[in-house]
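# An overview of the molecular structure
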Amino acid sequence: MRRLREKLYEWMQGRNGVDEMGIFLIGASLVLLIISSLLSVFLLSLIAFGLLIYSYFRVFSRNIGARKAENNRYLAERERLRFKLQSQKVRFGLRKTYKYLKCKNCKKKMRVPRGKGKIEVTCPHCGEKFITKS
Ligand SMILES: [Zn+2]
């Protein structure tokens, strides 16, 4: 058993191994497999197997630089989504206190207090002024 482990360790040298993106891919393929067996949708199980094969390819890949770049892109995207979800949550919690709107000039988001009637808003990003109902 120990020799087998050593052999496996030797064989994995110089290969990518399991990273965060790999864990996500394996998890996603498992979820897809469960859904496809519940709904008996063949296409979903094909996609699930495709993801599984791709995740194995990434685990055993020797091109560590390319896999690392993929993983970093995955992590950045995950972080971006997490941030977006978090700010949506905050926004939802404050929906009765603030009205959220976009600047007509620079399209950036801002918030104004609710229940003040017609107010003039100055964009904190570009200084554009406009009238809105709050
Ligand atoms: Zn603006």
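Residues numbered from 1 in each chain as written. Predicted model: local features only at pLDDT ≥ 70, side-chain atom pairs only at ≥ 80, totals over all residues.

Okay, the packing of helix H2 (residues 20-39) against helix H4 (residues 64-93) next. Closest axis-to-axis distance for the H2/H4 pair is 8 Å, and the angle between their directions is 70°. The orientation of H2 with respect to H4, classified from their angle, is roughly perpendicular. Residue-level inspection shows Glu20, Met21 and Phe24 of H2 in contact with H4, the latter providing Glu70, Asn71, Tyr74 and Leu75. Tallied by class, residues from the contact of H2 with H4 come to four nonpolar, one polar and two charged. (Axes fitted to C-alpha atoms, helices over the stretch in contact; angles between N-to-C directions. Helix = DSSP H or I, 4+ residues; strand = E, 2+ residues; numbered from the N terminus. Parallel < 35°, antiparallel > 145°, perpendicular 65-115°, else oblique. Contact = placed C-beta atoms within 7 Å. Nonpolar A, V, L, I, M, F, W, Y, C, P; charged D, E, K, R; others polar.)

Here we come to H2. In this model, H2 (20 residues) spans 28 Å end to end at C-alpha, consistent with the 28 Å of a helix rising 1.5 Å per residue. Among all positions in H2, only Met21, Gly22, Leu25, Ser29 and Leu32 are buried. Projected down its long axis, H2 shows its buried positions confined to an angular sector of 100°, all on one face. Structural note: H2 exposes Glu20, Ile23, Gly27, Ile34, Ser37 and Leu38 on the side pointing more than 90 degrees away from its buried face. (Expected span 1.5 Å × (residues − 1). Buried ≥ 20, exposed ≤ 12 C-beta atoms within 10 Å, placed from the backbone. Arc of directions from axis to C-beta.)

Moving on: the domain arrangement of the protein. Taken domain by domain, the protein consists of domain 1 (2-93) and domain 2 (98-133). For domain 1 and domain 2, the distance between their C-alpha centres works out to 41 Å. (Domains from an automatic or database assignment.)

All right, on to the pairing of strand E3 (residues 118-122) then. Little of E3 sits inside the fold, with zero of its five residues counted as buried. In textbook terms, the turn of a hairpin is the stretch between consecutive antiparallel strands, and for E3 and strand E4 (residues 129-133) this stretch comprises six residues, one of which, Gly127, has a positive phi near 85°. (Pairing = 2+ DSSP bridges.)

Quick look at the environment of Cys103 now. Tracing the chain through its elements places Cys103 in the loop between strand E1 (98-102) and strand E2 (109-113). Overall, the presence of 18 C-beta atoms within 10 Å leaves Cys103 in the partly exposed class. A C-alpha to C-alpha distance of 9.6 Å links Cys103 and Gly127, two positions 24 residues apart in sequence.

Mapping Lys96 onto the fold places it in the loop between H4 and E1. Given 8 C-beta atoms within 10 Å, Lys96 falls into the exposed group. In this structure, the C-alpha to C-alpha distance between Lys96 and Gly115, residues 19 residues apart in sequence, is 9.2 Å.

Here the focus is unusual backbone geometry. One non-glycine residue, Ser40, adopts positive backbone phi at about 45°. On the secondary structure map, Ser40 appears in the loop between H2 and helix H3 (42-60). Judged by local crowding, Ser40 falls into the exposed class, with 8 C-beta atoms found within 10 Å.

Right, let's get into the nonpolar core. Within the largest apolar cluster, five residues are counted, these being Met21, Leu25, Leu32, Ala48 and Leu51. Every element with two or more residues in this core is listed here: H2 and H3. In terms of residue count, H2 provides more of this core than any other element does, three residues in total. Excluding anything up to four places from it in sequence, Met21 contacts Glu70, Asn71 and Tyr74. (Core = buried A, V, L, I, M, F, W, Y, C linked by C-beta atoms within 7 Å.)

For the rest of this paragraph, the subject is the confidence of the model for the protein. Here the protein averages 94 in pLDDT, while 100% of its residues score no lower than 70. Element-level pLDDT for the protein is lowest in helix H1 (residues 2-12), with a mean of 91, against a maximum mean of 97 in H4. (pLDDT = per-residue confidence, 0-100.)

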